[in-house]
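# Chain and residue survey
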Amino acid sequence: MKPVCLLIEILIILGVTIKNIEAEKHNKKLKEKNATTQVSVNEKRFLSHLLERRKLIKATNKKETFLEKKKSQNTRWIKGIQNQELSKRNKNYLKKQTKNNLTNEGDELFNMGTKILQQSKSQKQKAEAYLLFAKAADMGNLKAMEKMADALLFGNFGMQNITAAIQLYESLAKEGSCKAQNALGFLSSYGIGMEYDQAKALIYYTFGSAGGSMMSQMILGYRYLSGINVLQNCEVALNHYKKVADYIADKLEKSEGIPVEKVRLTERPENLSSNSEILDWDIYQYYKFLAERGDVQIQVSLGQLHLIGRKGLDQDYYKALYYFLKAAKAGSTNAMALIGKMYLEGNAAVPQNNATAFKYFSMAANKGNAIGLHGLGLLYFYGKGVPVNYAEALKYFQKAAEKGWPNAQFQLGFMYYSGSGVWKDYKLAFKYFYLASQSGQPLAIYYLAEMYAKGTGVLRSCRTAVELYKGVCELGHWAEQFLTAYFAYKDGDIDSSLVQYALLAEMGYEVAQSNSAFILESKKANILEKEKMYPMALLLWNRAAVQGNAFARVKIGDYHYYGYGTKKDYQTAATHYSIAADKYHSAQAMFNLAYMYEHGLGIAKDIHLARRLYDMAAQTSPDAHIPVFFALMKLETVHLLRDILFFNPFTVRWKWMKLDNSLGPFWDLFVIGLIVALLIFLLRNRHA
C-alpha cells in the first residue's frame, strides 16, 4: 500500500509540476508578447523622438552656422571699421603732426620777420621781413596773415590791393581776429572796397573791442563822445577810453612811449619838405657837420633825436651815446644826465647799470642839472643801486621840480597821490599833475584823468576825464602811421596815405581828419568814387572843426558857400565864418564874412560892418594886408561911383543892371584886376 500511495503522490506531484510548468510557459509567452508589443511602441516613440531631435539639431546647427557666419561677418565688419578708424586716426595724427610742424615753422618765421622789422633801418630789410610774413601766412599763422592783410590795405612797399586785403580780413574775422574785425569796420565806415554801412561798421567795432582790439575801443570811445551814429553817452565813452589809457599808461611806465609827429598837410601843401615836424636830410647833414665841429647844443639835440627816434629819424642808441659822450666831455650837464638815463634803463648800446647811472646823474646834479636831480630821485625812490629812501627822493624831486622839469613834477604828484613816503594829499597831487601836464607829461595827464573820472580830490567831470584819457590814448603805437602816411603822400602814393590818415581820423585824431579831408578834396585818390569825395571831405572837416580846428571851420563855410558836397547855403556859410572869426580870430573867416556883408549874401547887407571886418582881417594877419587893400579899394571905388550917381536913382539902378548883364555877377573881380594892372603900370613908370 505504501508504494502505491507513494506513486500516486509522485504522479500528483508531477501533474501539478507539469501544470505549473505549462502555466509558467504560457505566462512567459504572454510576457514576451507583451514585451514585444511594448518594445515596438517604445521603438516607434524613440524613433520619432530621435527624428525630431535630429531635425532640432539640424535647425540648431543651421541657426548656429547662420549666427557664426553673421558673427564672422560682424567680426570682419568691426575689424574693417576698426581698421578704418585706425587709418583715420593715423591720418589725423599725421595731419595734426604736419599741422603742428607747419604751425611751429610758421611761428618761427613770424618771429624772425618781427625781429627783422624791429631792427630794420632800410626798405630792403623791411621787404625781407614781409617776405617771411608771407611764408608764415601760407602756413596758416594768423598773426602773419594779419600783417599781410595790413600791408595789402595800407600799401606797404607799393603792394596795395584792397580787394585782396578784404578777403584776407574776412577769413581772419571768421577765425576770431579782433584786428580783422576792426579793419572791416573801418572799411565799411568809409565805403572803401565795401558797401558804405555805418551800422555794419558799428557791429564790427563792437566785436573787435570785445575781442581785445585797442583801436576798436578807441574808435567806439570817440563815437560815443561825439555821438557818431550812436546816442552821445559820456560814461560809455569814458569806459572805452579808460581801457585804452590804462594800456598806454602801463607802456609809458615801462618807458615804451611812442613819440608822435603830426604833420598838417594843410599848412604847407606847396612845400611839405619845409615842415618843422620832420627833419630834412640836408638839414640833418648840416647838423651832423656842426656836431662834428664841436657844437655842444647840436650834439645834445642829435643825441636826443636818435635816443627816442624823433623828427623822422630812426631810433639809434649807438649814435645817441656817441653824441652824448662828445657833449659830456665838453662839459654838457644835460648830456651827462642823459647818459645816466641810458644806463638806468639799459638798451642795445649800454647794459643796465645802476652804479654807472648814479655816477652820471651825480655829475649832472652837482652842477644843478634838473634831469640829473630827477635821476637821483628815481634811484632813491625805487631803490636802484641804493637803499629805498623816500625822504631823499622827495628832496631831489622837489629841487628838479623847482627848475621846471615836468617828470619831477609828475613824480611829486605821484608821491602825494599814492602816499609814498608822505601823507596822501590829493590837492598837492593835483597841483603837481597839473603843472606837469602843461608841459605834455603823458603820465601826469593820465593821473589827472583818473582823478576827474573818480572825483578824487576834484569835482567829478566825465567830459574832462574823457578829453584827458583821449590825449593819453593818442600816444599809442598806432600813431606811428602819421609818419608813414606823410612819407607816402610826399612820395606821391596818395591812396596809401589816404587809407592811413582815414584810419587815424576814425580813431579821433583831429590832424588826421583834416589831412584826410584835404586829400579827398584834391580828388587825387582812386579808392573812392569822385562823387563821394566832397561829401566825405565835408564830414571830416566837420569832425575836425568840432575838435577846434579853425581852418576846418572856414572850410565848412566854403563848402556851403560854393555848394561842394552839399547844397549852396549862404546863411550856413556865414554862420561858420562867424564862429571861426569870433572864436578863433581867423583872418580868412573875417575876410570872407566881410565880403558877404558887402554883398548881402545870406545876411543883411552892411557896408560899415564889411569895412570893419576887412580892417580886422588885416590887423589879425600880415598875409591879409594885400587882399584887404584891394577889397577896400574896390569897395570905396564902387561907393564913390554910387555917390556920384546918387542924384538919379533910376540911372544908378540901370548902370548896376547893365554891369551885371555885361560882366556877370562877379564883375567886381574885373574891377580888382583893372586896379592891379593900373598899379603895376604906375610902379613900372615910377622905376623908369
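Residues numbered from 1 in each chain as written. Predicted model: local features only at pLDDT ≥ 70, side-chain atom pairs only at ≥ 80, totals over all residues. Heavy atoms only, no water.

### A short note on the packing of aromatic side chains
In this structure the tally under the stated criterion is 36 aromatic pairs. Here the aromatic rings of Phe 381 and Tyr 382 are separated by 4.9 Å at their centres, their planes lie at 85°, and the arrangement is edge-to-face. A ring pair is formed by Tyr 446 and Tyr 469, whose centres lie 6.2 Å apart and whose planes are at 55°; its orientation type is tilted. Residue Tyr 446 is found in helix 18 (residues 442-454), and its partner Tyr 469 is found in helix 19 (residues 462-473); the two are separated by 23 residues along the sequence. The residues Tyr 446 and Tyr 469 share a single accessibility class, namely buried. Of the aromatic side chains, those joined through ring pairs into one cluster are Phe 381, Tyr 382, Tyr 390, Phe 397, Phe 410, Phe 414, Tyr 417, Tyr 426, Phe 433, Tyr 446, Tyr 447 and Tyr 469. Sitting over the ring of Tyr 396, Lys 395 keeps its end group 5.0 Å from the ring centre. (Phe/Tyr/Trp six-rings, centres within 6.5 Å; stacked < 30°, edge-to-face > 60°. Helix = DSSP H or I, 4+ residues; strand = E, 2+ residues; numbered from the N terminus. Buried < 20%, exposed > 50% of the residue type's maximum accessible area, 1.4 Å probe, protein only. Lys NZ or Arg CZ within 6 Å of the ring centre and 35° of its normal.)

### As for helix 22 (residues 510-522)
With 13 residues, helix 22 should reach 18 Å at 1.5 Å per residue; the first-to-last C-alpha distance of 19 Å fits that figure. Counted residue by residue, helix 22 has 12 buried out of 13 residues, so it is predominantly covered. All buried positions along helix 22 are accounted for by Glu 510, Val 511, Ala 512, Gln 513, Ser 514, Asn 515, Ser 516, Ala 517, Phe 518, Ile 519, Leu 520 and Glu 521. Buried residues along helix 22 sit against helix 7 (214-226), helix 20 (481-490), helix 21 (494-506), helix 23 (530-546) and helix 24 (550-562). (Expected span 1.5 Å × (residues − 1). Contact = heavy atoms within 4.5 Å.)

### Points about the side chain of Glu 598
Mapped onto the secondary structure, Glu 598 falls in helix 26 (residues 587-599). For Glu 598, a relative accessible area of 5% corresponds to the buried category. Discounting residues that sit within four places of it in the chain, Glu 598 has contacts with Lys 605, Ile 607, Ala 610, Tyr 614, Lys 634 and Leu 635.

### Brief notes about unusual backbone geometry
Even without being glycine, Lys 523 reaches a positive phi, approximately 55°. Within the secondary structure layout, Lys 523 lies in the loop between helix 22 and helix 23. For His 585, which is not glycine, the phi dihedral falls at a positive 55°. Mapped onto the elements, His 585 comes out in the loop between helix 25 (570-584) and helix 26.

### Regarding the side chain of Glu 506
Relative to the elements of secondary structure, Glu 506 occurs in helix 21. The exposure class of Glu 506 is buried, given its relative accessible area of 3%. Polar side-chain contacts of Glu 506 include one of 3.2 Å to the side chain of Ser 189. Not counting residues up to four positions away in its chain, the partners in contact with Glu 506 are Phe 186, Ser 189, Tyr 190, Tyr 205, Ile 219, Tyr 222, Arg 223 and Arg 543. (Polar contact = N/O pair within 3.5 Å; in protein donor to acceptor, adjacent residues only side chain to side chain.)

### Notes on the confidence of the model for the chain
Mean pLDDT over the chain stands at 81; residues scoring 70 or higher make up 76%. Between the elements of the chain, mean pLDDT differs from a low of 51, seen in helix 29 (residues 649-663), to a high of 96, seen in helix 7. A low-confidence stretch, residues 35-41 (pLDDT under 50), is modelled with zero contacts involving residues beyond four sequence positions or located in other chains. Scored below 50 in pLDDT, residues 269-275 shows 11 contacts in the model against residues more than four places distant or in partner chains. (pLDDT = per-residue confidence, 0-100.)

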